[in-house]
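# Working through the structure, step by step
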Amino acid sequence: MFQSLRSYNYRLWAGGALVSNVGTWMQRIGQDWLVLTVLTDHSATAVGTVMALQFGPPLLLLPLTGYAADHWDRRKLLLATQAAAGLLALGLGLLTLAGVVQLWHVYGFALGLGCVTAFDAPARQAFVSDLVSDEHLANAVALNSASFNAARMLGPAVAGVLIAAIGEGWLFVVNAVSYAAVLVSLYFLRLDELHTEALPAHTRGSLLAGFRYVWQRPDLVAVLVMLLLMGTFGFNFAIFISTMSVTVFDGDASQYGLLTSAMAAGTMSGALLSARRPMPGMVLMAVSAAGFGVSVALAAVMPGPMLFGVVLFFVGLAALTFMTASTSMMQLTTERVMRGRVLALRIAVVMGGTPLGAPLVGWVVDRFGARWALAVGALSGIAAAAVAVNYLVRHRGLRLSRETGRLRVVIEAAPADQVPVRVAAGERVT
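Residues numbered from 1 in each chain as written. Predicted model: local features only at pLDDT ≥ 70, side-chain atom pairs only at ≥ 80, totals over all residues. Heavy atoms only, no water.

### Quick notes on the overall build of the chain
- Looking only at helices and strands, the chain has 17 helices and two strands in total.
- Burial status across the chain gives 57% buried among its 430 residues.
- Taking all contacts inside the chain whose residues are at least 6 apart in sequence as the whole, residues at least 24 apart take part in 84%.
- In the structure as shown, the chain presents an accessible area of about 17,800 Å², 67% of it carried by carbon and sulfur atoms. (Helix = DSSP H or I, 4+ residues; strand = E, 2+ residues; numbered from the N terminus. Buried < 20%, exposed > 50% of the residue type's maximum accessible area, 1.4 Å probe, protein only. Contact = heavy atoms within 4.5 Å. Areas by Shrake-Rupley, 256 points an atom, 1.4 Å probe, with all protein chains shown as cover.)

### Description of helix H6 (residues 103–131)
- End to end, H6 covers 40 Å across 29 residues, agreeing with the expected 42 Å (1.5 Å per residue, within 8%).
- Along H6, the helix axis deviates most sharply at Thr117, where the bend reaches about 35 degrees. (Expected span 1.5 Å × (residues − 1). Bend = angle between axes of the 7 residues up to and from the residue.)

### With respect to the pattern of salt bridges
- One pass over the structure, following the stated rule, counts four salt bridges.
- Residue Arg217 is joined to Asp219 by a salt bridge in which the shortest nitrogen-to-oxygen separation is 2.9 Å. (Salt bridge = Lys/Arg side-chain N within 4 Å of Asp/Glu carboxyl O.)

### Here we look at the nonpolar core
- Of all hydrophobic cores here, the largest spans 88 residues; its most connected members are Leu227, Phe237, Met282, Phe292 and Phe308.
- Per-element accounting of this core gives the leading share, eleven residues, to helix H14 (residues 305–332).
- In contact with Phe292, not counting residues within four places along its chain, are Met230, Gly234, Phe235, Phe237, Val315, Ala318, Ala319, Gly377, Ser380 and Gly381. (Core = buried A, V, L, I, M, F, W, Y, C linked by side-chain atoms within 4.5 Å.)

### Describing helix H10 (residues 218–233)
- An ideal rise of 1.5 Å per residue puts 22 Å on 16 residues; H10 measures up with 23 Å between its terminal C-alpha atoms.
- Buried within H10 we find Asp219, Leu220, Ala222, Val223, Leu224, Met226, Leu227, Met230, Gly231 and Thr232.

### Focus on the packing of aromatic side chains
- Evaluation of the coordinates by the stated rule reveals six aromatic pairs.
- The interplanar angle of 70 degrees and the centroid separation of 5.4 Å between the aromatic rings of Trp13 and Phe127 together place this pair among those described as edge-to-face. Placement of Trp13 in helix H1 (residues 8–39) and of Phe127 in helix H6 is noted, with a sequence separation of 114 residues between them. One exposure class covers both Trp13 and Phe127, and it is buried.
- On the basis of an interplanar angle of 85 degrees and a centroid distance of 5.4 Å, the ring pair of Phe235 and Phe292 is categorised as edge-to-face. Of the two residues, Phe235 is situated in the loop between H10 and helix H11 (237–248) and Phe292 in helix H13 (residues 282–300); the sequence distance between them amounts to 57 residues.
- With a relative accessible area of 0%, Phe292 lands in the buried category.
- When the ring centre of Trp25 is taken as origin, the NZ or CZ atom of Arg28, which lies over that ring, is 4.5 Å away.
- In this arrangement the basic side chain of Arg367 is found over the ring face of Phe368, its NZ or CZ atom lying 5.1 Å from the centre. (Phe/Tyr/Trp six-rings, centres within 6.5 Å; stacked < 30°, edge-to-face > 60°. Lys NZ or Arg CZ within 6 Å of the ring centre and 35° of its normal.)

### Description of the packing of helix H5 (residues 74–97) against helix H8 (residues 168–187)
- It is the contact of H5 with H8, at a shortest axis distance of 7 Å, that shows an interaxial angle of 165 degrees. Relative to H8, the element H5 lies roughly antiparallel. Every pair of crossing elements has a handedness; the one defined by H5 and H8 is left-handed.
- A per-class count over the contact of H5 with H8 returns 17 nonpolar, six polar and two charged. (Axes fitted to C-alpha atoms, helices over the stretch in contact; angles between N-to-C directions. Parallel < 35°, antiparallel > 145°, perpendicular 65-115°, else oblique. Left-handed = near helix turned anticlockwise from the far one by under 90°. Nonpolar A, V, L, I, M, F, W, Y, C, P; charged D, E, K, R; others polar.)

### Some words on the packing of helix H2 (residues 44–55) against H6
- At a minimum axis distance of 7 Å, the contact between H2 and H6 shows a crossing angle of 30 degrees. Our classification of the angle between H2 and H6 gives roughly parallel. Contacts between H2 and H6 involve Ala46, Thr49, Val50, Leu53 and Gln54 on the former and, on the latter, Val106, Tyr107, Ala110, Leu111, Leu113 and Gly114.
- When its residues are assigned to classes, the contact of H2 with H6 shows eight nonpolar, three polar and no charged.

### A few points about the side chain of Gln82
- Here Gln82 lies in helix H5.
- The contact partners of Gln82, leaving out residues within four places of it in the chain, are Ser20, Asp120, Arg124, Tyr179, Val182 and Leu183.

### Observations concerning the side chain of Ser178
- Within the secondary structure layout, Ser178 lies in helix H8.
- Excluding anything up to four places from it in sequence, Ser178 contacts Val19, Ser20 and Gly23.

### Quick look at the environment of Pro305
- Residue position: Pro305 is located in helix H14.
- For the pair Pro305 and Phe249, spaced 56 residues apart in sequence, the C-alpha to C-alpha distance is 6.4 Å.

### Regarding the confidence of the model for the chain
- Summarising the model, the chain shows a mean pLDDT of 80, and 85% of its residues fall at 70 or more.
- Ranking the helices and strands of the chain by mean pLDDT puts H5 first, with 93, and strand S1 (residues 398–403) last, with 44.
- Long-range and interchain partners of residues 397–406, a stretch whose pLDDT sits below 50, account for 38 contacts in this model, where long-range means more than four residues apart. (pLDDT = per-residue confidence, 0-100.)

Okay, here's the thing in structure tokens:
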């Protein structure tokens, strides 16, 4: 389960990322709480707008961010993006501490962070393949998710306590300081042990090459459609949990933090279980998407915060299983020189759907109530499972992908002795 931690570079990176991610989740909780309870009168639409501004840039800047992740030195790019994110957190913290922060300030910082994240996220995900060999890549991706979700479990709980004790402003400052951990880890990596190749030369059409590559892969198209459905309507957890806590269960910041941590415990479990799977496939994604839809539907009808928190554990388990499986599958079956652009497209679909879905889900909360918004999320999981089933029916058998001169053959949904394999003349099969 922890084989990737044998690598010095991966251990160092994972440690720095864990500290930084704890601070990031503290800020997310503090930012949502600041907007929901201080700057507005419990406006879910305002929270949705903040999410839209923060997650919209990855979609708008997609060709540039994918190009940067494949053509620029990822380590240097991450040093720049992580430093910029820390400065943005510090700026919002100082405004809040000075008592002059307004809603439009939060909107502006959310947009700035979204632009930084647009370049940071694909480079950060592709950078994992620079830290370990392809043999350990699926494990490293899963452990990355485990680290992220350990922070997701710890950060909100700490944030709830700190908001009540010292306020949102100092919480933002603490997050700014936490970025130093990942910057230090990037600085002290052993560069001679990185699994890197020569950066591809810029050619005409490089910016759009990722689109053409994905369009020729029906498996990647199916995964992206599933991610679009669930990312747009299902993964609006900040709205779901905050509004259920405040408007349905009449809770405070501590309850909100604990409910978010309950879901994070499920995502942590899903990440660790995923670390044991060498090659996740479409069947696992179909099952986890369906499980997500069913568990969100159950969460919508829970009568109290305790049972709601229990169901959130299974929501997190299903969501993280799906996300880790999709990330591992897209990295392992994509040529190394294309990984940055493919992952940028994946991130743009997940985050870019939020500007469309978050305001709509916020409007559903304000108009019909938080439980109906959860019903919308449940439908997204069921629809995504239907997309996976449709792919398995239409493309049952082989999934082929070219990887550095090899023809990789993966049997997905049928026994090997029942699948005819045809290989073009001159190809080697390993």
